[in-house]
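# Tertiary structure, described
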Amino acid sequence: EAELYVQYKGVFVPKLVHTPESLQFFEEFTFRHDDIIAVTYPKSGTTWMQEILPLIVSEGDMTPVLTLTNWDRMPWLEEHRAKELNFDQRPPPRLSVSHCHYSMMPESFFKVKPKVIYVMRNPKDVFTSSYYYYDMASYMVNPGTKDEFLDKFLDGKVIFGSWFDHVKGWLGAKDQDRIMYISYEEMILDLKASISKISLFIGKTLSQEVIEKIADHCMFKNMKQNKMSNYSLVPSEYMDQKKSEFLRKGIAGDWKNNLTEAQAARFDSVYKEKMKDVNFKFMWDE
Ligand code: PPS
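Description of the structure in this document. A quick note: this is a predicted structure, and the numbers were derived from the prediction, not measured. (Residues numbered from 1 in each chain as written. Predicted model: local features only at pLDDT ≥ 70, side-chain atom pairs only at ≥ 80, totals over all residues. Heavy atoms only, no water.)

### Brief notes about the overall build of the protein
Applicable threshold: Secondary structure counts use DSSP, requiring at least four H or I residues in a row for a helix and at least two E residues in a row for a strand, with both numbered from the N terminus. Based on C-alpha atoms, the radius of gyration is set beside the globule rule, defined as 2.2 Å times the residue count to the power 0.38. For the exposure calls, accessible area comes from a 1.4 Å probe over protein chains only, and a residue counts as buried if that area is under 20% of its type's maximum, exposed if over 50%, partly exposed in between. A contact between two residues is defined here by any heavy atoms of the two lying within 4.5 Å. Where accessible areas are quoted, they stem from the Shrake-Rupley method and a 1.4 Å probe; at the residue level, only the protein chains shown are allowed to cover. Lys and Arg are tallied as positive, Asp and Glu as negative. Neither His nor the chain termini are counted. Here the site of a charge means NZ on Lys, CZ on Arg, CG on Asp, or CD on Glu.
In terms of helices and strands, the protein carries 14 helices and 6 strands. Against the globule reference of 19 Å for 286 residues, the protein gives a C-alpha radius of gyration of 18 Å, in line with a compact fold. For the protein, the spread of C-alpha atoms along the principal axes amounts to about 50 × 40 × 40 Å. Burial status across the protein gives 55% buried among its 286 residues. Long-range contacts, defined here as pairs at least 24 residues apart, represent 71% of the contacts in the protein between residues at least 6 apart. Accessible surface, the protein as shown: approximately 13100 Å² in total, 52% of it carbon and sulfur. The positive charge centre, built from 37 side chains, and the negative charge centre, built from 41, are 1 Å apart in the protein.

Okay, structure coming up:
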């Protein structure tokens, strides 16, 4: 861990993309009230949001998603690329993403109250997606066996710490009128309705035709073809997409193909304990 990760506010982050300077930049970042930030625990729907949101803002004009990589069009504020983008000069609404916990947000966030879209995903699928990602990315610690990785995941000894703490922190956030909660599963079930809901939240009125156009482009099989979003521009020394593609499967419930009954039962019992005080109806609990 020590070789590839650095500790930031109590969680591991990969050194390759988080430099001391980038973390300092994040720390001192000045938000604007009209900023829109999609926050996710890793592997919960970040790349999907980096496709959907720019298209809502552009009202279906494909230029942003065909000319800019996802990490430039909607950068992670805590990563080193953000610093180089002249983000300050972007017209409103400025779009960004972050994997940070609520408690890790910089001071300005709590003063300025930008809009947040918090995307959640069934943690067993987050685990599964993470497992393949940790295996294919050279800047991540090798996951080992599923059992070994399960220990780490349930213990929060993975990048950005505990899934449970991340979700609980953001669900307990103040200024609830500035946060929209959405799940990966909801987007899988009805992408058009999800796009409408997001548009409403950010104050954009889109025609049915535009919503359909965006939904069509953002379907897994279509998005996978977009080289600005499928990570094919990342050199194979960093991501070995022959091992596992970044846009890997794009479904809900793939944990069923990846966890044994015993592993799933163990996951469920930890989940039940850690989430017992959480009063939120998750789609995957049904
Ligand atoms: S990261 O590393 O945090 O940015 O990863 P993130 O983008 O949050 O999560 C990656 C998973 O999201 C899936 N994905 C999609 N699913 C459905 N539809 C679309 N359009 C889509 N785009 C990305 C991606 O395939 C990863 O999930 P898995 O289960 O591994 O396929």
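After that view, the rundown keeps rolling.
### Considering the site of the ligand
Just so we agree on the cut-off: Proximity is defined per residue: if any heavy atom of the residue lies within 4 Å of a molecule or strand, that residue is considered near it. For the purposes of these results, a polar contact is taken to be a pair of N or O atoms within 3.5 Å, where, inside protein, one atom must be able to donate a hydrogen and its partner to accept one; residues adjacent in sequence count only when each atom of the pair is a side-chain atom.
Among the 20 residues in the neighbourhood of the ligand, the closest are listed as Thr46, Thr47, Ser129, Tyr184 and Lys249. Interatomic distance of 2.9 Å between a side-chain N/O atom of Arg121 and an oxygen atom of the ligand. In the environment of the ligand, an oxygen atom lies 2.6 Å from a nitrogen or oxygen atom belonging to the backbone of Lys249. When the ligand sits alone it has 650 Å² of accessible area, and the protein chains cover 98% of it. At the level of elements, helix 2 (46-57) and helix 13 (220-223) are the ones that each hand at least two residues to the shell around the ligand. The element that contributes the greatest number of residues to the shell around the ligand is helix 2, accounting for 3 residues.

### Examining empty space enclosed by the protein
The condition is simple: Think of a 1 Å grid over just the protein atoms. A cavity is a set of points where a 1.4 Å probe fits yet cannot get out, a pocket is an open set with protein on both sides within 12 Å along at least five of seven lines, and lining residues have an atom within 4 Å of a point. Grid points are joined across faces, edges and corners, and a volume is the space filled by probe spheres set on the points. Under this grouping Gly is polar, as are all residues other than the nonpolar Ala, Val, Leu, Ile, Met, Phe, Trp, Tyr, Cys and Pro and the charged Asp, Glu, Lys and Arg.
Under the defined criterion, the tally for this structure stands at 3 cavities of 30 Å³ or more. The computed volume of the largest cavity comes to approximately 70 Å³. Lining the largest cavity are Tyr102, Phe109, Lys113, Pro114, Val116, Lys174, Asp175, Arg178 and Ile179. Taken together, the residues of the lining of the largest cavity break down into 5 nonpolar, no polar and 4 charged.

### Focus on the packing of helix 7 (residues 123-136) against helix 14 (residues 261-274)
Formally: Only C-alpha atoms enter the line fits that serve as axes; for helices the fit covers just the stretch in contact. Angles between N-to-C directions range over 0 to 180 degrees. With respect to orientation, any angle under 35 degrees is reported as roughly parallel, any angle over 145 as roughly antiparallel, any angle of 65 to 115 as roughly perpendicular, and every other angle as oblique. For any helix crossing, the convention is left-handed if the near helix is rotated counterclockwise from the far helix by under a right angle, and right-handed if that rotation is clockwise.
It is at 11 Å that the axes of helix 7 and helix 14 come closest, and there the two elements cross at 125°. One finds that helix 7 runs oblique with respect to helix 14. Of the two possible hands of crossing, helix 7 and helix 14 adopt the one that is right-handed. Here Pro123, Lys124 and Phe127 of helix 7 lie close against helix 14, whose contacting residues are Phe267, Asp268 and Tyr271. Residue composition of the contact of helix 7 with helix 14, by class: 4 nonpolar, no polar and 2 charged.

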